[in-house]
Structures are given as C-alpha cells and as structure tokens.
Amino acid sequence: MNQHVPANRALADRLAREIQGEVLFDRFSRGRYATDASIYQIEPMGVVVPRTIQDVRIAAEIAREAGVPLLPRGGATSQSGQTVGRALVVDFAKYLTRVLEVDREAGTCLVEPGIALDELNRQLKSTGLFFPVDVSTSARATIGGMTGNNSCGTRSIRYGIMRDNVLEIDALLPDGTPARFGEIDAATFDKASGSFGALARDLVSLGAREQDHIRGAFPGVSRRVGGYLIDALLPRNAPINLATLLCGSEGTLALSERVKLKLWPQSKNKALGICHFPTFRAAMEAPQHIVKLGPVAVEVVDRTLIELARDIAMFRPVMEAHVRGKPDALLLVEFAEDDQAENLRRLDRLEELMGDLGFPGAVVKISNPAEQAAVWSVRAAGLNIMMSMKTEGKPVSFIEDCAVPLEHLADYTERLTAVFEKHGTKGTWYAHASVGCLHVRPVLNLKLEKDASTMRAIAQEAFAMVKEYKGAHSGEHGDGLVRSEFHEMMYGRKTVELFEEVKDRFDPAGLMNPGKIVRPPRMNDRTLFRYGPDYAVADFKPALDWSAWPGAGGGFQGAVEMCNNNGECRKLAGAVMCPSYRVTMEEQHVTRGRANTLRLAISGQLGPDAFTSDEMMETLKLCVSCKGCRRECPTGVDMARMKIEVLAARNKKHGLSLHDRLVAYLPRYAGTASKVSFLLNLREVIPGAARLGEWLAGFSAKRPLPRWRRDIFRQDAPVGPADGREVALFADTFNTTFEPDNLRDAAEVLSRLGYRVIVPRADDGPKWHYASVLMMGSAKPRPLCCGRTFLAAGLVDEARTEARRLIAALLPFANRGVPIVGLEPSCLLTLKDEMQGMGLGAEAAKIGEQARLLETFLAEEAAAGRISGPIAKSDSTVLLHGHCHQKSFGVFDAVGKTLKLVDGLKVETVESSCCGMAGAFGYRADTYDTSMAMGELSLLPAVRKAAPETAIVADGFSCRHQIHDGTGRPARHVARILAEAMRNSETSTETRP
C-alpha cells in the first residue's frame, strides 16, 4: 500500500474509549478505506464509524487536539479521489441515516448526511414528494456526499443541481463550533455572534470586496461545480445562502451534521423517446434543438456502450427490445408533465423534429413505466458497463466532467476524439447531452508510466479546448485529486487565491480533507495511484480457471482488479446483491470491500500470508455465495467464485474443520446415513444433543438440521410414454436424500406431459466398503453429485472428481441433445457455472448448454409450442420466493411463467434478496444470527403476512428450510405445486357429472 504507516495506537485507544461507534485501525480496515471509485489509493490513519452526531463531535475534537486531518465519507463512490487521504476517515453511511423531519406543506425535509438517495426517496414515497437530484449512483450515494460534491443528476435541466436544492446545513466548524449555514439577511447578519458570526461576516465581506472579479471569473454553463462556489457570496437583493458555499466543498471546510433539502412533487406520468442516429456527430448536433421541446432529460449512449450492454446478460433483453439495428449513438429523451397526453404529444413533436433533422422514423416511443425503468437502468449503469472490459487498459476518469455550451457540443466531441486518436487511445461517450456535460473515459493502463503521462497530456489539451468554448472542466463529479490542480489554468491565479482565502478562513490549520480544491498534488502523481510504481502481484497456481482475465494467478489478478469501487453492491433494496452488507452495513462485508481486500492481499500490501490469513477469512465469512454479484455487478466481480479460490489455498495451509468436512462430504455418505436416519434424527429429540453438536461440529443448536429420510429417491427405469421426448432428470443429493417427493413429483409432471423421464446413473462400479455392506445392504453406485458442497469448502480437486463422474454419466444425453433437467438451483446451475471453471473442457461446456431447471425447461417447451396450456386448473394463490442463483442466471422469471400454465393459479412474488440460509451458512453457530437477519429483511415478514391458505413456493432446498425455521410455515418446490394441480384437475374431471 502507498507508504504504509503503522496505526496510531494512542489515537485509536482514545477514540475507542470516548465514542460509542466503531474504531477501525487494523491494517485490513485501513486498506478497505484507502480507495474510492477513482484511480487513487491513500491509506488513512484510521476509520471512525460514529453512531451519533455526538460521536462525530468527539472524534473531531480528538483529531484536532492530535493534529490529525479529518476526512468525511459517505458511499465513497467518488470518481475524483475526494474521499481518500492520509487522515482520520469518518464514515457517516452506517448509522447517521435518519430522516429527521418532513414538512409536506413547505416541501422540505431534514436528514442526516449518511442516508442514501434511494432510501430517502423510498421513505418519502407516501408523501407525494421526492428529492430530484437523481445521480446514477442513487442506490448508494449519500446526501452528505452529494452535498459535498455538488452533485447534479440526469434531470438537472428541470430540477437543478444540489446547490439549487440544499436549503440549510447544520455543520461542525474546524474549531469545533456547531453552526447553521442557511439564508442570512442584514438583520441576522448583524446579530450573528461567536466564531460563526465572525466567519459569516468575513465571507459576505469577501463577496462584496471581490464582486467585480467573481462576476467574470466563471463560465456561464449550468454544470460548473469546480472550486468553491464563491459566486454565492455576491451581493444581491435576496438573502445570501451560506449553505451554497458548502455545496461542492468536498469536506474541506466543515463537517455536515444535518441537511435541509427542497423537495419536489413526484412525477405522475412520463414518456420516453429513444432517438437513433447513424453517426455520433449527428447525435451531438441534435440536443440544442431537442431541449426546446421541454424534456426533463436528454442522455446520450454511444455505440461502444450499446455493444457492451448487449454482452451483459442483465441488460441484453432491454437492448434487444428497444434498440433498432446498429446505431452509432442513441439519445434518451424523457418528458414528465403531469398530463400524459401532453407527454405523448411531445413525443410526436420529437419524432417530427427527428424527421426535420433528416432522421425520419428514428424514434422508439415508450410509455410503459416498467419498460422506461428498464431502459434507464442501462443508462444508469453506463460507467460500470464501460468498466467491464476484461483488459489491462480500462476507461479512466479524469476529463469526463467537462461541460460546454450545446452549440459547441458536436465540435468539442469530434476534436476530443481526435486528441484520443493522436495519443493512441479511444473513449466512450455517454451521459448528459441536455446540458453539454458528456462523460468520456479514454482507455489507458495506469500501471504504466507512459499512460500516466498520456493521461496528463490529454487532460491539458481537453481543458484548453473547454476553456476556448467557455465551458467548465469540472461539471458534475467534483475536483478531488484529479481536477483541483487545473483550477488556475481554467479560472486564473486570482480566483485560486480567493479559494485559498476561503479555505484558510474556515480551516487555518489545514486539517479538513487536505489536498482537495486548493493546494493539491499533481493529478498524475503515481505514488497516489491504486496501481502505484511498485504495484506487483507474484504469480501463483490457482485452483480454478481464470484465463478469461489477464494477470498473475492464471488471470485471478485481473478478475479481482475488475472491481472499480463503483459501489453498486452497497444498494439496500432490489435484486440480491449484497445480502450481508444489507444486514451489517459494513465495508468489510460488501463485495467491494472483499475485492479490495483480495487485491491488497495478492499484491503484498497487507503483509505476508494475508491471502490465507484469519483476517481474510473474517472478510469472506459473511459472503453467502449468493452469486448476486456475478450478475448485478456491472464489471462482473464473482465473489462466490473468488471465495472458493481463497478457501482452496487456506485448506492447503490449515486443513479442514470438522464442520466443513461434514458438509463437504455429505454427497458421499448421504446414502449410507439414510439407512440409520432414525438415529441421526434423534438430535432434535434428545435434550442437549443439539448443544453437544454445536460444541463438536459448529452446527447451531438454535436450528434443526434437515430431517433424514430412509425412503430416498431411486428411479431405475424410465417413466413416461415409450415414444415420448427424452428428458434426463438430474437427481441432486439434497432432493434425493431429504425431500425425495420433489423428484417423484417432477418425474410425474414430465411424464404426464408426454416426456420419457430417465434418471442418469453413474457407471463407476460398486463401492465395496464396510459401511456400504453393513448399512446399505447392497453395493449400488451412489447417486450423481455436482460437487457444490466440496466447492463451498474449497475442495476443488474433490469437486473436479465429482464433476468428471457427472460428465461421464450425462455426456451421452448431451451428445444426443437430450435436455438435462434439475430441481435444485444451486446444483443444476453449477453445471452451467463452476463446472465450466474447473478446466474440464468442451464436454463440460456441452453439458452446461443442455442443463435446465425444471421450470426453465417447461417454460421453453411452452414457448416452443410443445406444451399447450393450461396443463391444470387451480383457484389457489401462491407466494413465490426466488433462489439467488435463479436470479443470478436470469432464469427466475421462468418460474412464474411455468406456474401460469396452471389456469386460475394466482402468483405473487416476494421482492427479496437472499433468504439467508445459503447452503450451510445458516446452520453454522457463528453465522446463524446473520442468517436470520437476512431472512428478516423482506422474505420472512412477507411469508408471515401471507394468508394461511396461500402456498409458499421456493425452489431452493435452503430457502424452504429457512422459511420453515423462520415462520413455521412449509414451503414447497414448484414441482409439487404442478403435480398437485394436475392430480386435482384430473380428479375434478373424473367426478364432474
């Protein structure tokens, strides 16, 4: 890590004694807080996570007395390096997240700075109001961070930016004085006393003294956020609002404690037009005309972004549905008037305008809210989609904030593209065409000195061009370490001296987030980079195949480095990722924090043996391998797979615990154990047995274990019509051993629908051993296994053995094109995922292509016309919970489609993340509480609210057990619902007069 310095123990000890919140000074924690979403990395002195505002004040006082700089931090999604520094970091995002007041009549709210924008708007939803500064990182961007950054958002053309919507800020001055920054008129100005009164008078005096210079110092574009907003101090007929000066100050002037915001009425209706252009220049010439139609947003997406989005599974359906042909660029134009008829009229005018510009028929109109949201989700992920390139070079953030007047937009983008070409690179364009602020990131490899120098050269040429067009070099993402250096070039020395005067008046000791806005380092100082001059990863042999990525460890390095700290994993609602973070709200337990820890470990920045250390295991302990990040992380960081790699390395060094051994080898002893099920089930009957089991093997005494069955599933002969289409039913360990009725019902459903159901068996001969002869009474080969339990324990070689055995049994079916159908998502989808990463070649790939979950197979067959619905009738209602892996692979929708093959069946879906059981995770004594907390986020409350007659449906073995353990209600596999409906329909038909 850059200039690693041991922690200040005296400072840490005093903080721990005097505040209620968390004090994190260990090396791993400081490493996780050393980066944000920028190119920089600076290890902090330590981290404080305050529980209360009083904690903030105490920590600030202790730091001031020790002469230690302070750095406030929210979601840390800064792309400019605002939230990294050699300082004491104060993390507001865990506890200081309350909405304190909402005044519906005045249209205002008062919030703590750590609340994320999406969470604020969720809490405001019932009021009919919302906060409109809609940054693309809204799921994790905090109001404090947005204020410090002077954030803008997609719809600023209608609603303005943060400076227009922040009314008051209660802040702590660097000398420890609490102060309220807001409107100050002549009367309150004279009455203001103490250090804040003196500060306020000096600031207003500066504005009056320097008004002639200030009025001519800045460009007239709306997207100017660079430097301090000293134009807010200019004399005017209205009161001066000192809160505006703190907007965009990046934590360099004061610590925000509470923020009062202006709220707006929620939009009642919206309409979206997607304008297609054959050339990028044509797209850039159009916004100056489109804005005259009164849109609330005009966003551009270029060809590179379009093609990258098409390659990402979660975005592909949106692109296929709404993008025609192969345009060079798109403009997303949104209208949001209360009258939907007016919005549609404006869409018609947009179509006419496009025709006038020479592009008739080039507008795709969308009035459906769900479809609009899907399109905007692609645009919101624009930055992260760009960062999904699996190459050493990545799109680099340093000039993406430039804003120019609309009449110069086409010339500016064309000239800047030529600059990129001159320097041997290219850029991808997207974002706010409505205000001339386009985000562009040239592709560079900042591990190389020459590319760091190229970055600086491009910046200087770009900013000179922007100045020529009377634009702004810092138009949305702030200054930080990357743009502060260029204020003098853009605004002149006199303006920079005024910035320094403001900074020194607030913070004479220079202890508030130093090095930002004034007196910054050089933007290309590589000692401050995430990949500094000494960055290196020693090669090693990985357990899995990482060859799709570059770097050491067979590509493991490149896979880990895909994390760009964008923080998508910090979202608190919607989809799956990241369930452990949603419970703990800790950087350690979010995908970003884990990826950072891995990167620091493999590059030697956390000391020797960090990769297999206890601290690394604590970092990965609450990763439930939900695989939400595999799909939802726009850069494709698959932490579940990376965890396997760490566990494999750790096993070689430390061996396996009894708990992990019992879980991992379950498929090999399950058949034998079923013969003595009555003995094993006594654990839930004999007093003290569960507690003894917890002590011996780590299985929580609070949780019943799955009940062993003697009547395990076996099907030796095919079932169904002799001439029916073949289906290979993969009987996984869990359903075979613990819930055999699911497999029996699945076979019945398939055979009733005319399929010939065959259960593949291993052809590896009998397993002659003492336990087999004694307990099983025969020596039949044990059932097939996907190897997942071994992977979960890091036993990759054992998993590979199981996979080869599985391939031998399934390959004949795959070669004939026979669908391989399974019931358990985590097992079946292993065939499509982890089995492809174990170096097993084309045979594994062929089996993965044929593998389908039961409901996916049925939905596809129905869509192809090979199943004609309805297949049954029912007047029941089911509440459906999706398994994480179903969501990760984008196959969860198939469950609902399959259930709709039953006429009259009402299907309601739980909006839930991981159930919390996650294989063996929920059974561990040390993770049981976290497991239940995950379930309580949404799933378990929804099940409790469901009517007693509503059937609960969950395809995952773990999910079903979590639901039962947490609510007392049984949950059933979709196969059982379908079989029961078919039987009942048959009975009803037979008894009908």
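Below is a summary of the structure that appears in this document. (Residues numbered from 1 in each chain as written. Predicted model: local features only at pLDDT ≥ 70, side-chain atom pairs only at ≥ 80, totals over all residues. Heavy atoms only, no water.)

Concerning the overall build of the chain
When helices and strands are counted, the chain shows 47 helices and 30 strands. Over its C-alpha trace the chain gives a radius of gyration of 30 Å, about what one expects of a compact globule, namely 30 Å for 993 residues. Principal-axis analysis of the C-alpha atoms places the extent of the chain at approximately 95 × 70 × 55 Å. When each of the 993 residues of the chain is scored for burial, the buried share is 62%. Considering only contacts in the chain between residues 6 or more positions apart, those separated by 24 or more positions represent 73%. Averaging the positions of the 124 positive and the 121 negative side-chain charges in the chain gives two centres separated by 4 Å. (Helix = DSSP H or I, 4+ residues; strand = E, 2+ residues; numbered from the N terminus. Rg over C-alpha atoms; globule rule 2.2 N^0.38 Å. Buried < 20%, exposed > 50% of the residue type's maximum accessible area, 1.4 Å probe, protein only. Contact = heavy atoms within 4.5 Å. Lys, Arg positive; Asp, Glu negative; His and termini not counted. Charge placed at Lys NZ, Arg CZ, Asp CG, Glu CD.)

As for the packing of helix α1 (residues 9-18) against helix α3 (residues 53-66)
Interhelical geometry of α1 versus α3 gives an angle of 155 degrees and a closest axis separation of 10 Å. Comparing the axis directions of α1 and α3 gives the class roughly antiparallel. Viewed along their axes, α1 and α3 form a crossing whose handedness is right-handed. Across from Leu11, Arg14, Leu15 and Glu18 in α1, the residues of α3 making contact are Ile58, Ala59, Ile62, Glu65 and Ala66. Along the lines of polarity and charge, the residues of the contact of α1 with α3 split into 6 nonpolar, no polar and 3 charged. (Axes fitted to C-alpha atoms, helices over the stretch in contact; angles between N-to-C directions. Parallel < 35°, antiparallel > 145°, perpendicular 65-115°, else oblique. Left-handed = near helix turned anticlockwise from the far one by under 90°. Nonpolar A, V, L, I, M, F, W, Y, C, P; charged D, E, K, R; others polar.)

Regarding a nonpolar patch on the surface
Taken together, the side chains of Phe678, Leu679, Leu682, Val685 and Ile686 make up a nonpolar region of the molecular surface, amounting to roughly 480 Å² of accessible area. With respect to the helices, strands and loops of the structure, Val685 is situated in the loop between α32 (677-680) and α33 (689-697). Assessed through its relative accessible area of 59%, Val685 is described here as exposed. (Patch = residues over 30% accessible without salt bridge, like charges linked within 9 Å, V, L, I, M, F, W, Y side chains within 5 Å. Areas by Shrake-Rupley, 256 points an atom, 1.4 Å probe, with all protein chains shown as cover. Salt bridge = Lys/Arg side-chain N within 4 Å of Asp/Glu carboxyl O.)

A short note on the environment of Ala954
Tracing the backbone through its elements, the reader meets Ala954 in strand β29 (residues 951-954). Note on Ala954: relative accessible area 0%, which makes it buried. Residues Ala954 and His589, 365 residues apart in the sequence, show an inter-C-alpha distance of 26 Å. When neighbours within four sequence positions are excluded, Ala954 is seen to be in contact with His881, Cys959, Arg960, Ile963, Ala971, Arg972 and His973.

Observations regarding the packing of aromatic side chains
Here the structure, examined in full by the defined rule, presents 26 aromatic pairs. Taking the centre distance of 6.2 Å and the plane angle of 45 degrees together, the rings of Phe540 and Phe611 count as tilted. Of this pair, Phe540 sits in the loop between α23 (493-506) and α24 (556-561) while Phe611 is found in the loop between α26 (591-602) and α27 (614-620), placing the two residues 71 residues apart along the sequence. Given a relative accessible area of 14%, Phe611 falls into the buried group. Ring plane angle 35 degrees and centroid distance 5.7 Å describe the contact between Phe738 and Phe957, whose orientation is recorded as tilted. Of the two residues, Phe738 sits in the loop between α34 (733-737) and α35 (740-752) while Phe957 sits in helix α46 (residues 957-967), which places them 219 residues apart along the sequence. The class of Phe738 is buried, set by a relative accessible area of 7%. Feature note: the residues Phe540, Trp546, Trp549, Phe556 and Phe611 constitute an aromatic cluster, connected by ring pairs. Stacked on the ring of Trp376, the Lys or Arg Arg155 has its end atom at 4.8 Å from the ring centre. (Phe/Tyr/Trp six-rings, centres within 6.5 Å; stacked < 30°, edge-to-face > 60°. Lys NZ or Arg CZ within 6 Å of the ring centre and 35° of its normal.)

Re the sheet that holds strand β30 (residues 971-972)
Across the sheet, which stays open at both edges, the 4 strands sit in the order β28-β26-β29-β30 with parallel pairing between neighbours. Of all the strands in the sheet, the pair left with one neighbour each is β28 (906-909) and β30. Sheet strands in contact with α46 are β26 (877-881), β29 and β30, and its direction is about 145 degrees off that of β29. (Pairing = 2+ DSSP bridges.)

Considerations on α23
An ideal rise of 1.5 Å per residue puts 20 Å on 14 residues; α23 measures up with 20 Å between its terminal C-alpha atoms. Of all the residues in α23, the buried ones are Thr495, Val496, Leu498, Phe499, Glu500, Val502, Lys503 and Phe506. (Expected span 1.5 Å × (residues − 1).)

Comments concerning the pattern of salt bridges
Under the defined criterion, the tally for this structure stands at 88 salt bridges. Arg349 serves as the salt-bridge partner of Glu342, at 3.5 Å between the closest nitrogen and oxygen. By relative accessible area, which is 37% here, Arg349 ends up partly exposed. Here Glu392 ties to Lys447 by a salt bridge, and the two come within 3.3 Å at their closest N and O atoms.

Some details on unusual backbone geometry
A cis amide bond, omega -10 degrees, links Met577 with the succeeding residue Cys578. For Cys578, the location among the structural elements is in the loop between α24 and α25 (579-584). At Met585, a position not held by glycine, the phi torsion is positive, near 60 degrees. Positionally, Met585 belongs in the loop between α25 and α26. A residue is classified by how much of its surface remains accessible, and Met585, at 19% relative accessible area, is buried. Even without being a glycine, Ser625 presents a positive backbone phi close to 55 degrees. By the secondary structure assignment, Ser625 is in the loop between α27 and α28 (628-632).

Notes on empty space enclosed by the protein
Gaps left between atoms show up when a probe the size of a water molecule is rolled over them. Applying the stated criterion across every chain, the model contains 7 cavities of 30 Å³ or more. Taken together, 45 residues line the largest cavity, and the ones lying closest to its centre are Gly145, Met146, Gly148, Asn149 and Ser151. Secondary structure elements with two or more residues in the lining of the largest cavity: β3 (70-73), α5 (143-149), β12 (255-262), α17 (369-380), α18 (382-386) and β19 (427-432). In terms of residues, the lining of the largest cavity owes the most to one element, α5, which gives 6 residues. (1 Å grid on protein atoms, 1.4 Å probe; cavity = no way out; pocket = protein on both sides within 12 Å on 5 of 7 lines; lining within 4 Å. Points joined across faces, edges and corners; volume = space filled by probe spheres on them.)

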